[in-house]
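# Structural description and commentary
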Amino acid sequence: MNRVAITGMGMITGLGHSLKETWGNSIAGKSGVSLIEQADTEQMLTKIAGEVKNFTIAEHIMEAKEAGRYDRFIHFAMHSAYEALDDAGLITNQKINNTYESHRMGSILGVGIGGFPEIERTARTMFEKGPKRVSPFFIPAVIPNMTTGLISIRFGLRGLNYSISSACASAAHALTAASYEIMFGRQDVMVSGGAEAVVGQLGMSGFITMKALSRRNDEPHRASRPFDTDRDGFVLGEGAGILILENYDKAVARGAKIYAEIVGHGATSDAHHITAPHPEGDGAYNSMKMAVENAGINFSEVGYVNAHGTSTPLGDIGETRAIKRTFGEHSKNLLVSSTKSMTGHLLGAAGGIETIYCAMALHTGIIPPTINLENQDPECDLNYVPNVAVKADIKYALNNSFGFGGTNSSLVLKKF
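Just so it is clear, the model here is predicted, and its values are computed rather than measured.

The next thing to look at is the packing of helix α7 (residues 170-183) against helix α13 (residues 350-364). Contact pair α7 / α13: the axes reach a minimum separation of 5 Å and the direction vectors enclose 70°. Taken as axis vectors, α7 and α13 run roughly perpendicular relative to one another. Between α7 and α13, the contacting residues are A171, A172 and L175 on the first element and G351, G352 and T355 on the second. Here the contact of α7 with α13 is built from residues that sort into 3 nonpolar, 3 polar and no charged.

So, about the packing of helix α4 (residues 116-129) against helix α8 (residues 201-209). Relative to each other, α4 and α8 sit at 110°, their axes nearing to 7 Å. The angle between α4 and α8 places the two elements in the roughly perpendicular class. Along the contact surface, α4 presents F116, E120 and R124, while α8 presents Q201, L202 and G203. Residue classes in the contact of α4 with α8 are distributed as 2 nonpolar, 2 polar and 2 charged.

Right, let's get into the pairing of strand β6 (residues 105-110). The element β6 is extensively covered by neighbouring structure, given that 6 of its 6 residues are classed as buried. By the alternation rule, side chains of β6 split into M105, S107 and L109 and G106, I108 and G110, which are all buried. The sheet contact formed by β6 and strand β8 (residues 189-196) spans 6 bridges and is parallel. Looking across to β8, one finds that G110 is bridged to G194. With 4 bridges joining them, β6 and strand β7 (residues 161-164) adopt parallel strand pairing. When the sheet's bridge partners are listed, L109 is paired in β7 with S163.

Let's shift gears to unusual backbone geometry. Phi angles above zero are rare outside glycine, and Q94 is one such case at about 70°. Looking at where Q94 falls in the secondary structure, it is placed in the loop between β4 (91-92) and β5 (95-96).

An order of β7-β6-β8-β9-β1-β10-β16-β15-β11-β12 is seen for the 10 strands of this open sheet, with the pairing classed as mixed. The sheet is open, and its two edges are formed by β7 and β12 (335-337), each paired on a single side. When the angles between neighbouring strand axes are averaged without regard to direction, this sheet yields 25°. Across the sheet, α7 lies against β1 (4-12), β6, β7, β8, β9 (239-247), β10 (260-269), β15 (396-403) and β16 (407-415), angled at about 175° from β8, the strand it touches most.

Okay, the environment of D282 next. Structurally, D282 can be placed in helix α10 (residues 282-295). On the accessibility criterion, D282 (27% relative accessible area) is partly exposed. Spatially, the C-alpha atom of D282 lies 8.5 Å from that of G318, the residues being 36 residues apart in sequence. Of note is the side chain of D282, whose polar atom sits 3.4 Å from the side chain of H278.

Okay, the side chain of S410 next. Tracing the sequence through the fold places S410 in strand β16. A polar side-chain atom of S410 sits 2.8 Å from a polar atom in the side chain of S287. With near-sequence residues (within four places) excluded, S410 lies in contact with G264, H265, G266, S287, M288, A291, L398, N399, N400 and F402.

Looking now at the packing of aromatic side chains. A complete count under the given rule lists 9 aromatic pairs for this structure. Where Y82 meets F155, the ring centres are 6.1 Å apart and the plane angle is 40°; that geometry is what we call tilted. Linking Y82 in helix α3 (residues 72-87) with F155 in helix α6 (residues 146-155), this pair joins segments that are 73 residues apart in sequence. Here Y82 matches F155 in class, with each residue buried. For the ring pair Y248 and F416, a centre distance of 6.3 Å and an interplane angle of 65° mean the geometry is edge-to-face. One end of the pair, Y248, is in helix α9 (residues 248-253); the other, F416, is in the segment after β16, and 168 residues separate them in sequence. Members of the aromatic cluster, connected to one another through ring pairs, are F207, F234 and F404. Sitting over the face of the ring of Y248, R3 holds its NZ or CZ atom 3.8 Å from the ring centroid. Looking at R325, its charged tip hangs above the ring of Y285, at a distance of 3.9 Å from the centre.

Summed over all chains, the structure comprises 27 salt bridges. A salt bridge links K415 to D393; the shortest N-O distance between them is 2.6 Å. With K415 in strand β16 and D393 in the loop between β14 (390-391) and β15, this residue pair connects regions lying 22 residues apart in the sequence. The exposure class assigned to K415 is partly exposed, which follows from its relative accessible area of 32%.

Thresholds, definitions, all that
Residues numbered from 1 in each chain as written. Predicted model: local features only at pLDDT ≥ 70, side-chain atom pairs only at ≥ 80, totals over all residues. Heavy atoms only, no water. Axes fitted to C-alpha atoms, helices over the stretch in contact; angles between N-to-C directions. Helix = DSSP H or I, 4+ residues; strand = E, 2+ residues; numbered from the N terminus. Parallel < 35°, antiparallel > 145°, perpendicular 65-115°, else oblique. Contact = heavy atoms within 4.5 Å. Nonpolar A, V, L, I, M, F, W, Y, C, P; charged D, E, K, R; others polar. Buried < 20%, exposed > 50% of the residue type's maximum accessible area, 1.4 Å probe, protein only. Pairing = 2+ DSSP bridges. Polar contact = N/O pair within 3.5 Å; in protein donor to acceptor, adjacent residues only side chain to side chain. Phe/Tyr/Trp six-rings, centres within 6.5 Å; stacked < 30°, edge-to-face > 60°. Lys NZ or Arg CZ within 6 Å of the ring centre and 35° of its normal. Salt bridge = Lys/Arg side-chain N within 4 Å of Asp/Glu carboxyl O.

Here you go:
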């Protein structure tokens, strides 16, 4: 069975428009959460998000006329896919090069919700001006699989392309599926990860009425505070995290830069509740256990966990209990952080962003912090790397992504 290498990465978040910018601001402990500018929040109880500011997709990736037909989440996916492919050395003169046969290159991305802002705008147009005013581009503008479809078209990838939607585990499940394509020899290169952009009145109002979002509008940068006693809900984020997965032996043979390997996969269901996690973290425990066992390593070899850590009371406590149950005494030695404290929660894109954080932690030896951790919840009693990044030479990292419907995904990465 083939090994799976990560050879390129691209990301866009409220912290920056690139891997370099987002990672640099993360290890500096900065927050990407701010007051929302793209939507009218006057009547909304939550007015903050990890919003991407001042972004227009580059013409060499997607021409302005075409870009205007598609929702923002597609722009983010295309932007970060280009960065990741370029980072992997697979772009020459703004086009995919001939390193691999095109039918051996594919794409699987996770999208939790899709084009909510465009759905909202189009619905208003229809109700105000009539159904004949609905754009013929409306459906392609909002469907989740248009991310992989347009990536395949733009870069000439003739392998498989499809999207996965499993709420906040979408990108992690996509990375698992993409890994399998390489492991079983069906593809040599996979563009994978996730994209999301639901910052707007409709999407946010749904979360607000669920009482899921933080209302710390007067202090946006302090609103996302996983594992802290003063947390009052999660902060919505937007953006994309895209990784290039490659056949390890072929990547080594061509002299590719390798950030890390994906070596373990776990996926389970809580079978408990549509939104609330299992109070003892049963599903999360089984997901992590499966991933570590699938990697064929000892639990004591894992050095870092990028937690799902959404900044919700039930979620943070349940995940902490699950980590302690999974790793036993070794949990005291683990470094655990929630980078959602800086990016907000990117829903279907979260697993892509946070797998990149794991890869960068392994690659650089720097563990990103959990910021805003000022009064640690007594029930959350692990080392969450509070407020300041730390240096640590770790060999394995684990990323958790859990979603509504009780779906769980865990990935284990190995240092190259």
